[in-house]
Amino acid sequence: MAGPVTPVDPDPSLSQPRRQFRSDEDETTEVTTSHRSTQSGPHVLAAGPDSDGLRNASDRLRAVYLLAADVADESSWSAITSPPGSLTDANSPDLHTEPVDCPVLLRMDGVQAGEVIALTILPCVIGRHPSCQVIIDDPSVSRRHARVYLNNDELWLQDLGSRNGTFIDGRHLETKKLADGTLLQIGHLASFRYTVVSARQEKVLRELFESSTRDALTGLYNRRHFDERFKTELAYAKRHRFDLSVVMVDIDHFKQINDTHGHSAGDVVLKQVALVMGRQLRTEDLIARVGGEEFTVLLRGIGPQGAACLAERLRLAVQGLAVTVEGTSISVTISAGCANLSATPDGSAKSLLQCADQRLYSAKRNGRNRVVAS
């Protein structure tokens, strides 16, 4: 067994802006908030001993950096065990026998730290515009900021005349050939590590990212990921003058379900409720399990009336759910509270969540199995 591996910190120069930050607010084209990997429906993962995965984005970043570093060197894998949720050990011989032939970008910052972006379609344009292959919601990133393209069987990165520049290994450059381990900074904050991995190693990296952001039982996003995304969505809504609504959901009498039918039955109820609610949402919506039987939904671009309609749709879908555990049918209902930015006195995250929470408890006090939106 190899000894402990010391994480390699990314070049600190990547965390510092290289020149004065300028926003692209004059560019009026609407953009989306993140890379297209966001999923609305539940995706159940195998659970590790820590259902929340790694503790924060910094931990994920160090783990991803380790996994990505020197992937062709077998010795670098000998001290790495499987991330939570992986089905086989990262020390499997398969990791060393597969060809190393898949170029990827590993996100190294913020809420998306650890995200794996395979460069399978070239040229690959990076920017804020919805038509880009890699979409970054950051005002310092131009609509079409940079591109990765193929030249004589080699990958190159080219700046596309962006406002705030493209940095390669800490230097402001227009064009440069990419080598394994190259560090990229797009605009003010977004940073990536370019590396080449095998299909198996790419799968391990994806599992690491998923296990750090998903709730192990339901497959929904976990509380930490929700908190990080909520900050991003709130900033986006204010910057682009978009609506943003929150729906807080609580399963009615869930303690009674556990006490009567057992905790294993309660787990089945949680998974079924998560599944049916996820099916009611758009791709751009985010649903997370934020407590034992509590869920929160973020709705970008949805006003108060739309949020109330969505909450009612969730309520009816769960009410019609037939949960059967060991031959016993369990009735399930939910209560929901909705809030929109327009209902807050200061437009803060705290005010928005407090408003939704107060309305949720109003729904429960007034008989449960109902939605309160005002």
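Computed from a predicted model, the values in this text were never measured in an experiment.

What counts, and at which threshold
Residues numbered from 1 in each chain as written. Predicted model: local features only at pLDDT ≥ 70, side-chain atom pairs only at ≥ 80, totals over all residues. Heavy atoms only, no water. pLDDT = per-residue confidence, 0-100. Contact = heavy atoms within 4.5 Å. Pairing = 2+ DSSP bridges. Helix = DSSP H or I, 4+ residues; strand = E, 2+ residues; numbered from the N terminus. Core = buried A, V, L, I, M, F, W, Y, C linked by side-chain atoms within 4.5 Å. Buried < 20%, exposed > 50% of the residue type's maximum accessible area, 1.4 Å probe, protein only. Axes fitted to C-alpha atoms, helices over the stretch in contact; angles between N-to-C directions. Parallel < 35°, antiparallel > 145°, perpendicular 65-115°, else oblique. Nonpolar A, V, L, I, M, F, W, Y, C, P; charged D, E, K, R; others polar. Salt bridge = Lys/Arg side-chain N within 4 Å of Asp/Glu carboxyl O. Phe/Tyr/Trp six-rings, centres within 6.5 Å; stacked < 30°, edge-to-face > 60°. Lys NZ or Arg CZ within 6 Å of the ring centre and 35° of its normal. Expected span 1.5 Å × (residues − 1).

Draft legend 1. Quick peek at the confidence of the model for the protein. Considering every residue of the protein, the mean pLDDT works out to 79; 73% of them sit at 70 or more. Between residues 1-21, whose pLDDT stays under 50, and residues either more than four places distant or in other chains, the model counts 40 contacts. Across residues 70-98 the pLDDT falls below 50, and counting only partners more than four positions away or on other chains, this stretch makes 53 contacts in the model.

Draft legend 2. Molecular detail of the sheet that holds strand β4 (residues 134-135). The sheet built from 5 strands is open, its strands ordered β4-β3-β5-β6-β9 with mixed pairing. Each edge of the open sheet is held by one strand with a lone partner, namely β4 and β9 (175-177).

Draft legend 3. Quick look at the nonpolar core. Of all hydrophobic cores here, the largest spans 32 residues; its most connected members are Val 247, Ile 251, Val 269, Val 273, Met 277 and Phe 295. Those elements that place two or more of their residues in this core are β12 (244-251), α5 (254-261), α6 (263-278), β14 (294-300), α7 (304-319), β15 (323-325) and β17 (334-340). Broken down by element, the residue count for this core peaks at 7 residues, all from α6. Other than its neighbours up to four places away in sequence, Ile 251 contacts Val 269, Leu 270, Val 273, Glu 293, Phe 295, Val 332, Thr 333, Ile 334 and Lys 364. With 20 residues, the next largest nonpolar core counts Ile 126, Ile 136, Ile 168 and Leu 184 among its residues.

Draft legend 4. Examining the packing of α5 against α6 more closely. One way to put it is that α5 packs onto α6 with a least axis distance of 7 Å and a crossing angle of 135°. Between α5 and α6, the crossing angle belongs to the class labelled oblique. Residue-level inspection shows Phe 254, Ile 257, Asn 258 and His 261 of α5 in contact with α6, the latter providing His 263, Ala 265, Gly 266, Val 269 and Leu 270. Among the residues forming the contact of α5 with α6, the class breakdown is 5 nonpolar, 4 polar and no charged.

Draft legend 5. The arrangement of the pattern of salt bridges in detail. Summed over all chains, the structure comprises 16 salt bridges. Among the salt bridges present, the one from Lys 364 reaches Asp 252, with a minimum N-O distance of 3.4 Å. Of this pair, Lys 364 sits in helix α8 (residues 349-365) while Asp 252 sits in the loop between β12 and α5, and the two are 112 residues apart along the sequence. When sorted by exposure, Lys 364 lands in the same class as Asp 252, which is buried. The shortest N-O distance in the salt bridge between Glu 312 and Arg 315 comes to 2.6 Å. Residue Glu 312 and its partner Arg 315 are both found in helix α7; the two are separated by 3 residues, about one turn of the helix. Residue Arg 315 is classed as buried on the basis of its relative accessible area, which comes to 11%.

Draft legend 6. How the structure looks around the pairing of strand β6 (residues 154-159). Here β6 shows a clear split, with Leu 155, Leu 157 and Asp 159 buried on one side and none of Glu 154, Trp 156 and Gln 158 buried on the other. As defined by bridge partners, strand β5 (residues 146-151) adjoins β6 across 6 bridges and the pair is classed as antiparallel. Residue pairing in the sheet places Ala 146 in a bridge with Asp 159 of β6. Linking two consecutive strands that pair antiparallel, namely β5 and β6, is a turn of 2 residues; a positive phi of about 55° is found at Asn 152 within it. The sheet contact formed by β6 and β9 spans 3 bridges and is antiparallel.

Draft legend 7. Main features of the packing of aromatic side chains. Taken as a whole and assessed by the stated rule, the structure comprises 2 aromatic pairs. Between Phe 226 and Phe 230, the ring centres sit 5.6 Å apart and the planes meet at 10°, which makes this aromatic pair stacked. With a gap of 4 residues between them, Phe 226 and Phe 230 both fall in helix α4 (residues 223-240), about one helical turn apart. A relative accessible area of 2% means that Phe 226 is categorised as buried. Residue classification places Phe 230 among the buried positions, given a relative accessible area of 4%. Between Tyr 236 and Phe 242, the aromatic rings sit 5.5 Å apart at their centres with planes inclined by 75°, giving edge-to-face as the arrangement. Residue Phe 242 is classed as partly exposed on the basis of its relative accessible area, which comes to 26%. The residue whose ring lies beneath Arg 214 is Tyr 221, and the NZ or CZ to ring-centre distance is 4.0 Å.

Draft legend 8. Examining the sheet that holds β12 more closely. As summarised here, the arrangement of the 5 strands in space is β13-β14-β12-β17-β18, forming an open sheet in which the pairing is mixed. Looking at strand neighbours, the two that pair on one side only are β13 (286-289) and β18 (371-372), the edges of this open sheet. Here β13 pairs with β14 via 4 bridges, running antiparallel. Looking at β14, one finds that Leu 286 is bridged to Leu 298. In this fold α7 packs onto β12, β14, β17 and β18, with an angle of close to 170° to the strand it touches most, β17.

Draft legend 9. Expanded view of helix α3 (residues 199-213). Its 15 residues place the ends of α3 22 Å apart at the C-alpha level, agreeing with the 21 Å of an ideal helix rising 1.5 Å per residue. A large share of α3 lies buried, amounting to 11 of its 15 residues. Among all positions of α3, only Arg 200, Gln 201, Glu 202, Val 204, Leu 205, Glu 207, Leu 208, Phe 209, Ser 211, Ser 212 and Thr 213 are buried.

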